[in-house]
Amino acid sequence: MSDSWGAPEENPVANPAAPSHAAGPSTTAAQRPEGPVADWGQPVAFDYTETDVDRQWGSNGAIYEWDGEEGDVAPVNPELELQLFGSPDKRHCAGVDFSKIAEISVSQEGEHRIVPIFKFKDAGLHPIMLKNVEMAGYQTPTPIQKYCIPAIKMGYDLIAIAQTGSGKTAAYLIPILNELMGKAKKLVARRPVSEVPRSNLANFRAEPLVLIVCPARELAIQIFDEARRFCYRTLLRPCVVYGGGPIQEQLQQIGRGCDVLVATPGRLIDIMQRSHLFTLRRLRYMVIDEADEMLDADWHEEFEQILVGGEQEQGNVKYMLFSATFPGAVRAVAREYLAMNHIRVRVGRIGSTHANISQDVIFVKQELKREALIDLMYSLDPARTIIFVNSKRTADEIDDYLFHKGMPCTSMHSDRTQREREDAMRAFRSGRTPILVATGITSRGIDVRNVRYVVNYDLPNADHGGIQEYVHRIGRTGRIGYTGSATSFYTERDEPLAEDLTKILMETRQPVPDFLQQYIPEGVDPKEFKMEDDTSDIEDQAGDAGDAWQTNGPQDGQNAGANSWASGGDAGDGWGAPNAGGTAEDGWGSGGNSNNVDQDDNW
Ligand code: AMP
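Residues numbered from 1 in each chain as written. Predicted model: local features only at pLDDT ≥ 70, side-chain atom pairs only at ≥ 80, totals over all residues. Heavy atoms only, no water.

Caption draft 1: Seen up close, the overall build of the protein chain. When you go through the protein chain residue by residue, the secondary structure sums to 18 helices and 15 strands. Split into buried and exposed, the 603 residues of the protein chain put 60% on the buried side. Long-range pairs, those at least 24 residues apart, make up 81% of the contacts in the protein chain between residues at least 6 apart in sequence. For the protein chain, the accessible area works out to roughly 23600 Å², and carbon and sulfur atoms hold 47% of it. (Helix = DSSP H or I, 4+ residues; strand = E, 2+ residues; numbered from the N terminus. Buried < 20%, exposed > 50% of the residue type's maximum accessible area, 1.4 Å probe, protein only. Contact = heavy atoms within 4.5 Å. Areas by Shrake-Rupley, 256 points an atom, 1.4 Å probe, with all protein chains shown as cover.)

Caption draft 2: Layout of the pattern of salt bridges. On inspection of all chains with the given rule, the structure shows 25 salt bridges. A salt bridge links Arg421 to Glu218; its shortest N-O distance comes to 2.9 Å. Here the residue Arg421 occupies a position in helix α14 (residues 418–430), and Glu218 occupies one in helix α6 (residues 217–230), the gap between them amounting to 203 residues. The burial state of Arg421 is the same as that of Glu218; both residues are buried. (Salt bridge = Lys/Arg side-chain N within 4 Å of Asp/Glu carboxyl O.)

Caption draft 3: Structural context of the confidence of the model for the protein chain. For the protein chain, per-residue confidence averages 75 on the pLDDT scale, and 69% of positions sit at 70 or higher. When mean pLDDT is taken per element in the protein chain, strand β6 (residues 260–263) scores highest with 97 and helix α18 (residues 536–543) scores lowest with 38. Segment residues 7–38: pLDDT under 50, and 55 contacts once partners within four positions in sequence are set aside and those in other chains are kept. Counting contacts from residues 533–603, a segment whose pLDDT is below 50, to residues more than four positions away or on other chains yields 198 contacts. (pLDDT = per-residue confidence, 0-100.)

Caption draft 4: Geometry of the nonpolar core. Core analysis: the largest hydrophobic core is formed by 69 residues, its most contacted members being Leu158, Tyr172, Ile174, Ile212, Phe230 and Leu236. When residues of this core are assigned to their parent elements, the largest contribution, nine residues, is made by helix α4 (residues 168–181). Non-local contacts of Tyr172, meaning those with residues more than four positions away in its chain, are made with Ile152, Ile212, Ile223, Val287, Asp289 and Phe322. Cys239, Ile254, Met272 and Tyr337 belong to the second-largest nonpolar core, a separate cluster that totals 38 residues. (Core = buried A, V, L, I, M, F, W, Y, C linked by side-chain atoms within 4.5 Å.)

Caption draft 5: Local environment of the packing of aromatic side chains. The final tally for this structure, using the stated rule, is nine aromatic pairs. Judged by centre distance (6.1 Å) and plane angle (45°), the ring pair of Tyr319 and Tyr337 falls under tilted. Here Tyr337 lies in helix α11 (residues 328–337) and Tyr319 lies in strand β8 (residues 318–323), a separation of 18 residues in the sequence. We note that Tyr319, like Tyr337, is buried. Ring pairing ties together the aromatic residues Tyr64, Phe85 and Tyr232, which thus form one cluster. If you follow Lys369 out to its NZ or CZ, it ends over the ring of Tyr457, 5.1 Å from the centre. (Phe/Tyr/Trp six-rings, centres within 6.5 Å; stacked < 30°, edge-to-face > 60°. Lys NZ or Arg CZ within 6 Å of the ring centre and 35° of its normal.)

Caption draft 6: Representation of the sheet that holds β8 in the model. Read across the open sheet, the eight strands follow the order β2-β9-β3-β8-β7-β4-β6-β5; overall the sheet is mixed. Two strands bound the open sheet, and with one partner strand each, they are β2 (106–109) and β5 (238–241). When the angles between neighbouring strand axes are averaged without regard to direction, this sheet yields 15°. Relative to strand β9 (residues 343–347), strand β3 (residues 158–161) runs parallel, the two being bridged by four bridges. Pairing of Ala160 across the sheet is with Val345, part of β9. Against the sheet, α11 engages β3 and β8, with an angle of about 170° to β8. (Pairing = 2+ DSSP bridges. Axes fitted to C-alpha atoms, helices over the stretch in contact; angles between N-to-C directions.)

Caption draft 7: Just the side chain of Gln510, in detail. Inspection of the secondary structure puts Gln510 in the loop between α16 (495–507) and α17 (514–517). At 3.2 Å, the side chain of Gln510 and the backbone oxygen of Thr508 are in polar contact. When sequence neighbours within four positions are dropped, the list of residues in contact with Gln510 reads Ile357, Ser358, Gln359 and Leu505. (Polar contact = N/O pair within 3.5 Å; in protein donor to acceptor, adjacent residues only side chain to side chain.)

Caption draft 8: Expanded view of the packing of helix α10 (residues 300–308) against α11. In contact at an axis separation of 13 Å, α10 and α11 are set at 25° when each is read in the N-to-C sense. Comparing their axes, α11 and α10 come out roughly parallel. Taken as a pair, α10 and α11 cross one another with a handedness that is right-handed. In this structure, α10 uses His300, Phe303, Glu304, Leu307 and Val308 to contact α11, whose residues at the interface are Ala329, Val333, Glu336 and Tyr337. When its residues are assigned to classes, the contact of α10 with α11 shows six nonpolar, one polar and two charged. (Parallel < 35°, antiparallel > 145°, perpendicular 65-115°, else oblique. Left-handed = near helix turned anticlockwise from the far one by under 90°. Nonpolar A, V, L, I, M, F, W, Y, C, P; charged D, E, K, R; others polar.)

Caption draft 9: Looking closely at helix α12 (residues 369–379). Burial analysis of α12 places nine of its 11 residues in the buried class, which makes it a mostly covered element. Of the positions making up α12, those classed as buried are Lys369, Ala372, Leu373, Ile374, Asp375, Leu376, Met377, Tyr378 and Ser379.

Caption draft 10: Summary view of the state of the cysteines. Summed over all chains, the structure comprises zero disulfides. Cys239 forms no disulfide, and the closest cysteine sulfur to it belongs to Cys258, at a distance of 4.1 Å. Look at Cys239 and you get buried, because its relative accessible area is 3%. (Disulfide = S-S within 2.5 Å.)

Caption draft 11: Unusual backbone geometry, seen in detail. Phi angles above zero are rare outside glycine, and Leu235 is one such case at about 70°. In this structure, Leu235 sits in the loop between α6 and β5. The buried category is assigned to Leu235, whose relative accessible area is 5%. One non-glycine residue, Arg509, adopts positive backbone phi at about 55°. Looking at the secondary structure, you find Arg509 in the loop between α16 and α17. Assessed through its relative accessible area of 44%, Arg509 is described here as partly exposed.

Caption draft 12: Structural context of helix α3 (residues 143–153). Burial within α3 is extensive, with 10 of its 11 residues counted as buried. Within the span of α3, buried status applies to Pro143, Ile144, Gln145, Lys146, Tyr147, Cys148, Ile149, Pro150, Ala151 and Ile152. Taken together, the buried residues of α3 touch β2, β3, α4, β7 (285–288), β8 and β9. A positive backbone phi angle near 90° is found at Gly155, which sits one or two residues after α3.

Take a look at the structure:
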């Protein structure tokens with residue numbers, strides 16, 4: 001398609017680089033073919049009234065069941081194995097381009113340094129865990145895993161600055177579960193044997209050893225899915241609770257035994273208040289995932305309740321904070337709850353993280369956006385595509401519009417019930433409806449492996465997520481080293497984002513279209529441009545007088561002993577994401593106008 005839809009007169013678009021996915025010469029609405037050039041198949045109407053009981057909630061995913069009777073080594077369950085890990089011939093990450101690993105730097109800060117591991121088999125993992133890692137298709141640890149696995153194994157508290165996509169879920173799950181599995185029989189709470197009728201489950205309190213708290217429901221389900229794989233045969237039972245899902249079913253699940261609990265904060269607090277059903281008194285590990293989002297100012301009280309209000313014995317609990325950025329609120333929690341000798345690891349700024357994502361920014365007049373969208377869709381190969389919009393209403397409208405154009409699409413936003421959201425995600429993941437129209441709630445955390453295209457029908461609003469949200473959104477494609485393509489419609493309203501957007505394009509060596517050329521900083525060669533590493537938060541922290549955090553490390557001054565890691569030849573790519581713009585606070589969806597910010601329903 002054309003890379004301009006009604007560009008202003010004075011700014012004729014002359015960007016010579018046609019979108020990499022464009023299928024031939026530009027078309028106009030008039031020239032457009034009657035139907036899709038690619039075979040998108042028939043549209044599948046989505047029936048939101050369907051209540052078929054066979055469809056499961058994310059919280060009911062199959063897990064390894066153990067009622068305490070097996071010996072020390074839990075037997076294999078071939079059927080479940082297939083369900084959790086897929087068929088053996090599809091388990092390796094085929095087609096993944098791991099060549100960019102050498103560019104990813106990991107730095108350690110603080111007094112204590114960890115010697116990274118370079119292979120899973122050198123990580124001292126239990127043979128069952130090693131087998132799970134192998135069956136998950138993980139051949140080489142990602143940079144964050146190289147540090148977190150030994151740090152957690154050695155018993156340190158931990159802060160890791162890394163984003164979803166860095167492999168951080170496994171970075172904490174593998175070592176934590178590995179540490180506990182040998183002791184599972186001794187540590188886990190009494191649990192009902194499988195014959196106990198459901199009505200008697202209330203006699204058993206859920207007493208998790210591991211609590212993982214994260215801000216979004218979809219992310220919670222995703223972490224639970226990862227936990228189901230790594231808990232396989234460990235005798236540790238994973239569960240998940242999240243808002244919008246059926247609480248009675250979730251309570252029944254945790255009543256059957258709950259050693260590892262993944263939770264969103266609102267539902268967790270609800271459950272914590274039922275002390276006859278739930279207690280944190282056995283807790284050994286607390287992981288706060290996406291801590292910067294969790295610490296949105298409005299949630300401080302709930303957060304405090306989770307951190308201290310669950311009967312946990314403070315001295316017994318190891319705390320891990322995972323955060324994409326490192327704002328003051330996260331630092332404050334770290335100061336208060338983490339041991340002084342905690343480990344701090346940061347997945348460095350990776351200029352080329354998104355080098356495997358081609359980015360096109362196209363000028364489109366606001367009123368021509370739909371035309372531009374359908375034109376773009378016709379030019380794409382049929383493949384999983386996420387279309388981001390900024391409001392629920394636009395999501396509904398675009399879903400409708402595409403559906404009537406014969407495109408197999410579904411949509412997701414915060415006015416949908418949780419069941420509808422899960423159904424939509426399932427239809428998208430399975431490929432039944434390979435086009436997903438979504439508001440920003442899906443931009444963080446969601447990991448669908450083969451999303452080929454991201455379309456920013458609306459660019460993120462500069463005041464709601466801004467360039468950081470842009471980076472998160474485009475990161476939904478090009479996952480784990482796959483290549484992908486992101487196309488963004490730029491209108492006159494997007495001017496506040498222009499400067500940051502231009503910098504991201506330059507840094508990732510993408511063409512800067514004519515209408516953005518004016519935002520290239522003076523005297524800068526776009527081909528050489530590199531953003532400053534975002535170390536501001538660390539500097540802030542060092543400037544905090546009397547800050548218990550101020551650990552200058554061994555003698556070598558600034559960022560002392562920073563153990564920058566860059567190794568050639570190792571497999572792995574696309575880990576982490578640039579910490580674009582360094583605006584720490586928001587990350588909250590992408591509400592285009594404040595009435596439509598999709599904020600509350602993440603909980
Ligand atoms: P996360 O950052 O935890 O959301 O992980 C992003 C994706 O990377 C998920 O699909 C993981 O299953 C996958 N992943 C994590 N670690 C590895 C690894 N060492 N090798 C291959 N894939 C991985």
